[in-house]
Amino acid sequence: MRIYLVGFMGCGKSSVGKKLAALLNYNFIDLDQLIEESFSLSVEEIFNSKGEESFRIMEQKCLQSTFGMDDIVVATGGGTPAFFENMNRINENGISVFIDLPPLAIEKRLRMSRKPRPLVKNLSSEELLAFVIDKSEERRPFYLSANISINGINLKPEDIIDALNKKNLLQ
Ligand code: S3P
């Protein structure tokens, strides 16, 4: 069984994903971390030295490598579903969960976050909100092809388990 959490940057994929994995007794994989370990470069370094296009290729390769693993919860990157055939591959190889948060909540969380995010660094609050509105609109169709969509406000891992059980997606 593989569970893929998808959704915009800052929606809580990694924090809820870790707890979900612990509850299910699965391994937790943060796709950005897997990329960093596989290529011995930080996401920021990859964006800076190789550019976004190379990052997306590395991201696709690492995503692919998770299809050979079992009993995992994967926190994907916010852009993962929107490149190549990644979202279709995710749905062929696992169960996907879209964590849905409104742009204002995302913008607030991104402002508080310490994770380096090359796509939004150096943006003012106004620019950040505009970016989040635009990009999340653009990516939404990909996110919405997930098996389930769930409200990300005060999201608990148990809520994801309940939603998956309701659809008989957990054996
Ligand atoms: C990105 C999201 C990031 C990371 C990279 C690009 C994006 O992951 O993969 O900075 O394009 O939305 P998080 O969603 O974990 O922040």
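Our subject in this report is the structure included herewith.

## Details of the packing of helix α1 (residues 13-24) against helix α8 (residues 157-166)
Interhelical geometry of α1 versus α8 gives an angle of 65 degrees and a closest axis separation of 8 Å. Note that α1 runs across α8; the crossing there is right-handed. Contact residues: V16, K19, L20, L23 and L24 in α1; P157, E158, I160 and I161 in α8. Its residues assigned to classes, the contact of α1 with α8 shows 7 nonpolar, no polar and 2 charged.

## Considerations on the site of the ligand
Neighbouring the ligand are 14 residues; K13, D32, R56, R117 and R139 lie closest to it. At 2.8 Å, a side-chain N or O of K115 approaches an oxygen atom of the ligand. At 2.7 Å, a side-chain N or O of R139 approaches an oxygen atom of the ligand. When the free accessible area of the ligand is taken as 380 Å², the share hidden by the protein chains comes to 98%. Across the shell around the ligand, the residue classes tally to 5 nonpolar, 3 polar and 6 charged.

## Some remarks on the sheet that holds strand β2 (residues 27-30)
Hydrogen bonding along the main chain pairs the strands of a sheet, whether they run parallel or antiparallel. Read across the sheet, 5 strands follow the order β2-β3-β1-β4-β5 without closing on themselves; strand pairing throughout is parallel. Every interior strand has two partners, whereas the edge strands, β2 and β5 (148-151), have only one. Along the sheet, successive strands turn relative to each other by an average axial angle of 25 degrees, direction set aside. Of the pairings in the sheet, the one linking strand β1 (residues 2-6) to strand β3 (residues 72-75) comprises 4 bridges and is parallel in character. Bridge pairing in β3 links L5 to A75. Packing against the sheet, α1 makes contact with β1, β2, β3 and β4 (95-100), and its axis sits at approximately 160 degrees to β1.

## Thoughts on the packing of helix α3 (residues 43-50) against helix α4 (residues 52-66)
Contact geometry for α3 and α4: axes closest at 7 Å, N-to-C directions at 135 degrees. By the angle between their directions, the pair α3 and α4 is classed as oblique. Taken together, the residues of α4 that come into contact with α3 (itself represented by V43, I46, F47 and K50) are E52, S54, F55, R56 and M58. Counted by class, the contact of α3 with α4 contains 5 nonpolar, 1 polar and 3 charged residues.

## Some thoughts on helix α2 (residues 31-39)
Quick reminder: α-helices carry 3.6 residues per turn. Residues three or four places apart thus point the same way. Among the residues of α2, those classed as buried are L31, D32, L34 and I35. Take α2 and look down its axis: the buried residues cluster within an arc of 160 degrees, on one side only. The secondary structure elements touched by the buried residues of α2 are β2, α3, α4 and β3. Two to three positions downstream of the cap, the backbone nitrogen of D32 sits 3.1 Å from a side-chain oxygen, assigning the N-cap of α2 to D30. The positive-phi residue at the C-terminal boundary of α2 is S40, with phi of around 50 degrees.

## Topic: the packing of aromatic side chains
One pass over the full model with this rule turns up 4 aromatic pairs. Each ring, one from Y4 and one from F67, has its centre 6.0 Å from the other, and the planes form 70 degrees; the classification is edge-to-face. Placement of the pair is Y4 in strand β1 and F67 in the loop between α4 and β3, with a sequence separation of 63 residues. Judged by centre distance (5.1 Å) and plane angle (25 degrees), the ring pair of F98 and Y143 falls under stacked. With F98 in strand β4 and Y143 in helix α7 (residues 125-143), the pair connects residues that are 45 residues apart, well separated along the chain. Neither residue differs from the other here; F98 and Y143 are each classed as buried.

Conventions adopted
Residues numbered from 1 in each chain as written. Predicted model: local features only at pLDDT ≥ 70, side-chain atom pairs only at ≥ 80, totals over all residues. Heavy atoms only, no water. Axes fitted to C-alpha atoms, helices over the stretch in contact; angles between N-to-C directions. Helix = DSSP H or I, 4+ residues; strand = E, 2+ residues; numbered from the N terminus. Left-handed = near helix turned anticlockwise from the far one by under 90°. Contact = heavy atoms within 4.5 Å. Nonpolar A, V, L, I, M, F, W, Y, C, P; charged D, E, K, R; others polar. Near = heavy atom within 4 Å. Polar contact = N/O pair within 3.5 Å; in protein donor to acceptor, adjacent residues only side chain to side chain. Areas by Shrake-Rupley, 256 points an atom, 1.4 Å probe, with all protein chains shown as cover. Pairing = 2+ DSSP bridges. Parallel < 35°, antiparallel > 145°, perpendicular 65-115°, else oblique. Buried < 20%, exposed > 50% of the residue type's maximum accessible area, 1.4 Å probe, protein only. Arc of directions from axis to C-beta. Phe/Tyr/Trp six-rings, centres within 6.5 Å; stacked < 30°, edge-to-face > 60°.

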